[in-house]
Amino acid sequence: QVQLVESGGGLVQAGGSLRLSCAVSGSISSINALGWYRQAPGKQRELVAVIASGRMTTYADSVKGRFAISRDNAKNTVYLQMDNLKPEDTAVYYCNAHVVLTDARWSSYWGQGTQVTVSS
């Protein structure tokens, strides 16, 4: 099985910063794309940022210039540095990993989510 464990959420004032982490473990051979998504109350889950195995990154327009995604392949961990946070960034943030399992199957997994709350 594969586990994704997120950490780093919390309450912060507008203009502040948070850093999310997501560690991937389990029966994996390799990790392809890693991403962060978020879901605010009453809204659909949306892409925040994704980083490919070659480290190419993609960001939602709403976070460009404020958020930075990175990965540490040695630790099977993905990070999301969030700066200049705004109240509209308030949401549950989910980590997603596209992996190759040890039996060569490809699959996608989600973390349990971590709450980020930005006060005005």
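Everything here concerns the structure above.
What comes next is a walk through the structure. Not measured: the values here are computed from a predicted model. (Residues numbered from 1 in each chain as written. Predicted model: local features only at pLDDT ≥ 70, side-chain atom pairs only at ≥ 80, totals over all residues. Heavy atoms only, no water.)

1. Looking at the layout of surface pockets
Reasoning step 1: What the largest pocket holds in volume is close to 200 Å³.
Reasoning step 2: Every residue lining the largest pocket is counted, 13 residues in all, and those nearest its centre are Arg 38, Ala 40, Lys 43, Glu 46 and Glu 88.
Reasoning step 3: When its residues are assigned to classes, the lining of the largest pocket shows two nonpolar, four polar and seven charged. (1 Å grid on protein atoms, 1.4 Å probe; cavity = no way out; pocket = protein on both sides within 12 Å on 5 of 7 lines; lining within 4 Å. Points joined across faces, edges and corners; volume = space filled by probe spheres on them. Nonpolar A, V, L, I, M, F, W, Y, C, P; charged D, E, K, R; others polar.)

2. Re the pattern of salt bridges
Reasoning step 1: A complete count under the given rule lists five salt bridges for this structure.
Reasoning step 2: One salt bridge in this structure joins Arg 38 and Asp 89, with 2.9 Å as the shortest N-O distance. In this pair, Arg 38 is assigned in strand β4 (residues 28–39) and Asp 89 in the loop between β8 (77–82) and β9 (91–101), connecting sequence segments 51 residues apart. In this pair, the class of Arg 38 matches that of Asp 89, namely buried.
Reasoning step 3: Overlapping salt bridges, with partners in common, bring together Arg 38, Glu 46, Arg 66 and Asp 89 in one network. (Salt bridge = Lys/Arg side-chain N within 4 Å of Asp/Glu carboxyl O. Helix = DSSP H or I, 4+ residues; strand = E, 2+ residues; numbered from the N terminus. Buried < 20%, exposed > 50% of the residue type's maximum accessible area, 1.4 Å probe, protein only.)

3. Notes on the sheet that holds strand β3 (residues 18–26)
To summarise the sheet geometry, strands pair through backbone hydrogen bonds and adopt either a parallel or an antiparallel arrangement.
Reasoning step 1: Within the open sheet, the four strands sit side by side as β1-β3-β8-β7. Their pairing is antiparallel. Edge positions in the sheet fall to β1 (2–7) and β7 (67–72), since each has one partner strand and no second. Here the strands of the sheet are splayed against their neighbours by 15° on average, with no regard to which way each runs.
Reasoning step 2: Bridge count between β3 and β8: six bridges; the pairing is antiparallel. Pairing of Ala 23 across the sheet is with Thr 77, part of β8. (Pairing = 2+ DSSP bridges. Axes fitted to C-alpha atoms, helices over the stretch in contact; angles between N-to-C directions.)

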